[in-house]
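Here's the letter readout for the chains.
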Amino acid sequence: DIQMTQSSSTLSASVGDRVTISCRASQSISNWLAWYQQKPGRAPKLLIYKVSTLHSGVPSRFSGSGSGTEFTLTITNLQPDDFATYYCQHFYSHPLSFGGGTRVEIK
Amino acid sequence: QVQLQESGPGLVKPSETLSLTCSVSGGSIINYYWSWIRQSPEKGLEWIGHTHYTGITNYNPSLKSRVAISVDRSRNQFSLKLSSVTAADTAVYYCARELNGGYDDVFDYWGQGTLVTVSS
């Protein structure tokens, strides 16, 4: 099974900042990587899939990059609505799996 | 707008079977894969498995011996059964739709989630 690791469990940032969130796969997953945003008490929301494809309706301040085993989610010009927890997920093979999450908190 | 809604008991006794149903509205269950995902503080987000409207299923090997996911096309619903539950199965359970008819195993629509507690 492929393990997904997000090295930072928490990031502190201010409105307007540029934030980068990292995710590592235990083996190469090519570009089969997605990112989600989750707020307390809510279901995760799809942001990006296939590393860098923005899901419908997602603001362009979100972007993704990487390949193989190392991936990054970047949020430019952080907005108040962006304070949340972010998860990566691989879909290279079954079983699908998620990273442990990175919470972006207000500095 | 597609909407998913989980339903089922919020409390299940140890060793019994957890049963949940996901009702899909605003769209057809046909031509998509439908997943169950759970989330707990201990294990985080965990994919349980998915089903296609044709009845094709795939399960997480860690749960495969205890899981069954089925689809009811006539009711536009799909269901989860997890047998022999323990406290480790306590979690928020989500149902979700996979994007692009299953070509991409990522989840574009989710239910609100339902907390299932395993306790006597």
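Conventions used here
Residues numbered from 1 in each chain as written. Chains lettered and ligands numbered in written order. Predicted model: local features only at pLDDT ≥ 70, side-chain atom pairs only at ≥ 80, totals over all residues. Heavy atoms only, no water. Pairing = 2+ DSSP bridges. Helix = DSSP H or I, 4+ residues; strand = E, 2+ residues; numbered from the N terminus. Axes fitted to C-alpha atoms, helices over the stretch in contact; angles between N-to-C directions. Disulfide = S-S within 2.5 Å. Buried < 20%, exposed > 50% of the residue type's maximum accessible area, 1.4 Å probe, protein only. Phe/Tyr/Trp six-rings, centres within 6.5 Å; stacked < 30°, edge-to-face > 60°. Lys NZ or Arg CZ within 6 Å of the ring centre and 35° of its normal.

A. Structural context of the sheet that holds strand 3 (residues 18–25) of chain B. Residue and element names in this part refer to chain B. Strands sit in the order 1-3-8-7 across an open sheet of four strands; the sheet is antiparallel. With one partner strand each, in any of the chains shown, strand 1 (3–7) and strand 7 (67–72) form the two edges of the open sheet. Adjacent strand axes in the sheet meet at a mean angle of 20° when their direction is disregarded. Inspection of the sheet shows strand 7 paired to strand 8 (residues 77–82) by six bridges, in the antiparallel sense. Looking at the pairing, Ala68 lines up with Lys81 of strand 8.

B. Just the state of the cysteines, in detail. All names here are of chain B. All chains considered together, the criterion is met by two disulfides over all chains. In this model, Cys22 is linked to Cys95 through a disulfide, with the two sulfur atoms separated by 2.1 Å. Where Cys22 bonds to Cys95 through sulfur, the torsion about that S-S bond is close to 60°, and the disulfide is right-handed. Note that Cys22 is positioned in strand 3 and Cys95 in strand 9 (residues 91–98), a separation of 73 residues in sequence. The burial state of Cys22 is the same as that of Cys95; both residues are buried.

C. Inspection of the sheet that holds strand 1 (residues 4–5) of chain A at higher detail. All names here are of chain A. Spatial ordering of the open sheet is given by 1-3-8-7, a layout of four strands whose pairing is antiparallel. Whereas interior strands pair on both sides, the edge strands pair on one side only; in this sheet they are strand 1 and strand 7 (62–67). Note: strand 3 (residues 19–25) against strand 8 (residues 70–75), six bridges, orientation antiparallel. Bridging from a neighbouring strand, Arg24 pairs with Glu70 of strand 8.

D. Region of the structure containing the environment of Tyr109 of chain B. Residues and elements named next belong to chain B. Mapped onto the elements of the fold, Tyr109 is located in strand 10 (residues 107–110). On the accessibility criterion, Tyr109 (23% relative accessible area) is partly exposed. Taking the C-alpha atoms as reference points, Tyr109 and Gln3, separated by 106 residues in sequence, lie 7.2 Å from one another.

E. Examining the packing of aromatic side chains more closely. According to the stated counting rule, one finds 11 aromatic pairs over all chains in the structure shown. Aromatic side chains Tyr36 of chain A and Phe98 of chain A sit 5.9 Å apart centroid to centroid with 50° between the ring planes, which places their arrangement in the tilted category. A residue pair is termed long-range when its members are at least 10 positions apart, and Tyr36 of chain A in strand 4 (residues 33–38) and Phe98 of chain A in strand 10 (residues 97–98) qualify at 62 residues. The class of Tyr36 of chain A is buried, set by a relative accessible area of 0%. Site record: aromatic cluster; members linked through ring pairs are Tyr36 and Phe98 of chain A together with Tyr94, Phe107 and Trp110 of chain B. Stacked on the ring of Tyr32 of chain B, the Lys or Arg Arg97 of chain B has its end atom at 3.9 Å from the ring centre.

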